[in-house]
Amino acid sequence: MTRSIWKGPFVDGYLLKKADTSRASGRNEVIKIWSLRSTILPQFVGLTFGVYNGHKHIPVNVTEDMIGHKFGEFSPTRTFHGHASDKKVKRA
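Here goes a summary of the coordinates provided. (Residues numbered from 1 in each chain as written. Predicted model: local features only at pLDDT ≥ 70, side-chain atom pairs only at ≥ 80, totals over all residues. Heavy atoms only, no water.)

### Re the sheet that holds strand β3 (residues 57–61)
Right, so step 1: One open sheet holds the 3 strands; their spatial order is β1-β2-β3, and the pairing between them is mixed. Looking at the sheet topology across the chains shown, the edges are occupied by β1 (30–33) and β3. Taken pair by pair, the neighbouring strands of this sheet meet at an average axis angle of 30°, ignoring direction.
Right, so step 2: Helix α1 (residues 13–25) rests against β1 and β2 (48–52) of the sheet, and its axis sits at about 170° to β1. (Pairing = 2+ DSSP bridges. Helix = DSSP H or I, 4+ residues; strand = E, 2+ residues; numbered from the N terminus. Axes fitted to C-alpha atoms, helices over the stretch in contact; angles between N-to-C directions. Contact = heavy atoms within 4.5 Å.)

### Points about the nonpolar core
Right, so step 1: Ranked by internal contacts, the top residues of the largest apolar core, which has 15 residues, are L15, I33, F44, F49, V62 and F71.
Right, so step 2: For F44, the residues in contact, after removing those within four places along its chain, are V11, L15, L16, A19, R23, T39, F49, V62 and F71. (Core = buried A, V, L, I, M, F, W, Y, C linked by side-chain atoms within 4.5 Å. Buried < 20%, exposed > 50% of the residue type's maximum accessible area, 1.4 Å probe, protein only.)

### Things to note about the pairing of β1
Right, so step 1: Every second residue of β1 is oriented toward a common face, the buried set being I31 and I33 and the non-buried set V30 and K32.
Right, so step 2: In this structure, β1 lies alongside β2, joined through 4 bridges in parallel fashion. Looking across to β2, one finds that I31 is bridged to F49.

### Describing the packing of aromatic side chains
Right, so step 1: Applying the stated rule across the entire model yields 4 aromatic pairs.
Right, so step 2: When the centroid spacing of 6.3 Å and the interplanar angle of 45° are considered together, the rings of W34 and Y52 count as tilted. Pair noted here: W34 is in the loop between β1 and β2 and Y52 is in strand β2, with a separation of 18 residues, a long-range link.
Right, so step 3: Here the aromatic cluster, defined as three or more aromatic residues joined through ring pairs, consists of F44, F49 and F71. (Phe/Tyr/Trp six-rings, centres within 6.5 Å; stacked < 30°, edge-to-face > 60°.)

Fair warning: the whole summary comes from geometry, so function is off the table for now.
Laid out in structure tokens, this is it:
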């Protein structure tokens, strides 16, 4: 189920403050965040966020195509190692 239109997109407050200070400083540094649930807004375009996936911060450079998506979509939290091999089937 999606979020109600009248509520607007969810963004943690500290995230907006960090983005504003980064834009004001003019430096292109990675902004470390822990909020996978926050929505990407148009004012985040061009910034680089270090999204924490439970192990390390993964750098995400925000582009215009990402607006409306969540930060968690670009920071996978699980590593897929493949399925267990089937010993009955032999490859030729």
